[in-house]
Amino acid sequence: MEFISILTLILFTTTIAGHFSRRMGIPSVIGQLLVGILLGNAGLKLVHPDILVSDFSEIGVIILMFLAGIESNLKLLRKYLRPSLYVAILGIVFPVALGTLSGYGFGVAWDESFFLGLILAATSVSISVEVLKELRAINTKEGSTILGASVADDLLVILIVSLSMSMLTGEPTTSAKLPLILVEQVLYFCVIFFLVRWGAPYLMQLSNKLLAESSVIIVSLIICLGMSYLADLVSLSSVVGAFFAGVAIGQTKVRQEVQLNVEAIGYAVFIPVFFVNIGLEVSFTRLVPQGFFILVLTILAIASKLLGGYIGSRLSGFSKSSSLMVGSGMVSRGEMALIILQLGYQAELVRQDYYSAFILIILFTTLASPFLLKYFTQRIHG
């Protein structure tokens, strides 16, 4: 029953924090992240990232990305594919370059510095999605570019991490498996194409004929969770599968019914736990001795994504304001950077000292992203 009391505490505090955040004119996710810091290791130590909290958190980000996929306009995503690719590529090049050079400047070895750069290259779309949903800007050209670029960034970074892990750790087994992994990922995207074009419409039509309660919602969640699981099996992020499952459901006649019901499930329980879980990881014990390192890397992390998004958008013909909005939407690192950080830590490519520092850097970029995105979005769509 201990988890029940923890879940009750999380839901109560995030609801109150979300209310006052919106009253102050800031995104509710900021309040939820701060609740995580307050309740976690850096604060009252009432909640710990145990198995149940982590599992609920993972379901939360999957549902969040599923909803983002449902709300995405497929025609707009296709229309803004080129700027999305420009933003994604430059949003990887600048962070990797600046992160590697700055890490080496602080006395970190080249291989570890390069991996620190890869951590900075990760983008978590979940925070940006929440802000875009609040501001009703998810189906704008900028919102579609942010979504497309984030998915492309996710895929490219995971591929680079897969390649670099084998080279930096010197493990031949990983490189030997790489061609098989690439084939599996290509097949996975073939499955996505089939699902969007034929699978989802047929399954949703079939679910309407089932006599089970809420059969449409259940089948849509089966598709969402199933695609997330398959993505994880082929060494992709589960959020990629959830996003494309949402895109597939979004092309069907039951789109609105699924969206309303899954939103109720997600925002009532799982999504608040996800945002709180990010804050739980924070510890301020090393903040003072590593303060300058954290400050410099945080500034570079924010500036590199802003720069990559800005230049990529400008090359595609976007205005200066639109380009800054896209860049700000790529700033958040969130769960993707934490996943890559954990992989590097397990492979001994990231030392304990920098592990703690990078959790704070990831947190600061995640906290900064909603403010930046809201500011630039309101300049255009306010």
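Residues numbered from 1 in each chain as written. Predicted model: local features only at pLDDT ≥ 70, side-chain atom pairs only at ≥ 80, totals over all residues. Heavy atoms only, no water.

Asks: Mind showing me how you'd approach the nonpolar core here?
Replies: The nonpolar side chains of a soluble globular protein tend to be buried, and buried together. Of all hydrophobic cores here, the largest spans 117 residues; its most connected members are F66, I119, F243, V258 and F358. Excluding anything up to four places from it in sequence, F243 contacts M65, F66, A68, G69, S72, L77, L147 and V151. (Core = buried A, V, L, I, M, F, W, Y, C linked by side-chain atoms within 4.5 Å. Buried < 20%, exposed > 50% of the residue type's maximum accessible area, 1.4 Å probe, protein only. Contact = heavy atoms within 4.5 Å.)

Asks: Looking at this structure, I do not really get a nonpolar patch on the surface. What am I missing?
Replies: A cluster of nonpolar residues, L81, L85, I89, V93 and L156, forms a patch on the protein surface that exposes about 400 Å² of accessible area. With four residues, helix α5 (residues 81-105) is the single largest residue contributor to the nonpolar patch. Of note, L81 is situated in helix α5. (Patch = residues over 30% accessible without salt bridge, like charges linked within 9 Å, V, L, I, M, F, W, Y side chains within 5 Å. Areas by Shrake-Rupley, 256 points an atom, 1.4 Å probe, with all protein chains shown as cover. Salt bridge = Lys/Arg side-chain N within 4 Å of Asp/Glu carboxyl O. Helix = DSSP H or I, 4+ residues; strand = E, 2+ residues; numbered from the N terminus.)

Asks: Any chance you could explain the environment of L236 here in plain terms?
Replies: Note that L236 resides in the loop between α10 (215-233) and α11 (238-250). The sequence separation of L236 and V93 amounts to 143 residues, and the corresponding C-alpha distance is 20 Å. Those residues in contact with L236, other than ones at most four positions away along the chain, are L155, I158, Q185, Y188, F189 and A231.

Asks: How should I be thinking about the layout of surface pockets in this particular structure?
Replies: To find leftover empty space, one rolls a probe the size of a water molecule over the atoms. The computed volume of the second largest pocket comes to approximately 600 Å³. Lining the second largest pocket are 19 residues; nearest its centre among them are L74, L77, R78, L81 and F244. Sorting the residues of the lining of the second largest pocket by element identifies α4 (74-79), α5, α8 (141-169), α9 (172-207) and α11 as the ones contributing at least two each. Here the residues of the lining of the second largest pocket sort into 15 nonpolar, two polar and two charged. (1 Å grid on protein atoms, 1.4 Å probe; cavity = no way out; pocket = protein on both sides within 12 Å on 5 of 7 lines; lining within 4 Å. Points joined across faces, edges and corners; volume = space filled by probe spheres on them. Nonpolar A, V, L, I, M, F, W, Y, C, P; charged D, E, K, R; others polar.)

Asks: Explanation requested: helix α2 (residues 28-39) in the structure shown.
Replies: Each α-helix winds once per 3.6 residues, and so residues spaced three or four apart point in a common direction. Between the first and last C-alpha of α2 there are 17 Å, a value that for twelve residues agrees with the 16 Å anticipated at 1.5 Å per step. By the burial criterion, the buried members of α2 are S28, V29, I30, G31, Q32, L33, V35, G36, I37 and L39. (Expected span 1.5 Å × (residues − 1).)

Asks: Mind showing me how you'd approach the side chain of S238 here?
Replies: Structurally, S238 can be placed in helix α11. Sequence-distant contacts of S238, defined by excluding residues within four places in its chain, comprise E58, I62, S228 and A231.

Asks: Which parts of the structure should I look at to understand a negative patch on the surface?
Replies: There is a patch of like negative charges on the surface, built from E2, D50, D55, E58 and D232. Note on placement: D232 falls in helix α10. (Lys, Arg positive; Asp, Glu negative; His and termini not counted. Charge placed at Lys NZ, Arg CZ, Asp CG, Glu CD.)

Asks: What's the story with empty space enclosed by the protein in this structure? I'm lost.
Replies: If you walk through the whole model with that rule in mind, you get one cavity of 30 Å³ or more. Reported here for the largest cavity is a volume of approximately 80 Å³. Lining the largest cavity we find eleven residues, and of these M65, V125, S150, D154 and V239 sit closest to its centre. Listed by contribution, the elements that provide at least two residues to the lining of the largest cavity are α8, α11 and α15 (334-346). For the lining of the largest cavity, the residue count by class is seven nonpolar, two polar and two charged.

Asks: Where do I start with the side chain of S313 in this structure?
Replies: Summarising the element assignment, S313 is placed in helix α13 (residues 291-315). Overall, the relative accessible area of 0% leaves S313 in the buried class. Those residues in contact with S313 that lie beyond four places of it in its chain are V87, F318, S323 and V326.

Asks: For this particular structure, what's the right way to read the pattern of salt bridges?
Replies: Any two side chains of opposite charge can pair, given that their charged atoms come close. Tallied over the entire structure, the rule returns four salt bridges. Its salt-bridge partner being E134, residue R22 comes within 3.5 Å of it at the nearest N-O pair. Taken together, the positions of R22 in helix α1 (residues 2-23) and E134 in helix α7 (residues 125-134) put the pair 112 residues apart, joining distant regions of the chain. Residue E134 is classed as partly exposed on the basis of its relative accessible area, which comes to 27%. The salt bridge involving K133 is made with E263; its shortest N-O contact spans 3.3 Å. With K133 in helix α7 and E263 in helix α12 (residues 255-280), the pair connects residues that are 130 residues apart, well separated along the chain. Overlapping salt bridges bring together E71, K133 and E263 as one network.

Asks: What am I meant to see in the packing of aromatic side chains here?
Replies: Two aromatic rings are characterised by how far apart their centres lie and by the angle between their planes. A full pass over the atoms with the stated rule returns 14 aromatic pairs. On the basis of an interplanar angle of 20 degrees and a centroid distance of 4.1 Å, the ring pair of Y104 and W110 is categorised as stacked. Residue classification places Y104 among the partly exposed residues on the basis of a relative accessible area of 44%. Pairing F274 with F275 gives two aromatic rings, centres 4.9 Å apart and planes at 55 degrees, and the pair type is tilted. Classification of F275 as buried rests on a relative accessible area of 0%. Members of the aromatic cluster, joined through ring pairs, are F106, F292, F293 and F358. In this structure, K141 is placed above the aromatic ring of F318, and the distance from its NZ or CZ to the ring centre is 4.9 Å. (Phe/Tyr/Trp six-rings, centres within 6.5 Å; stacked < 30°, edge-to-face > 60°. Lys NZ or Arg CZ within 6 Å of the ring centre and 35° of its normal.)

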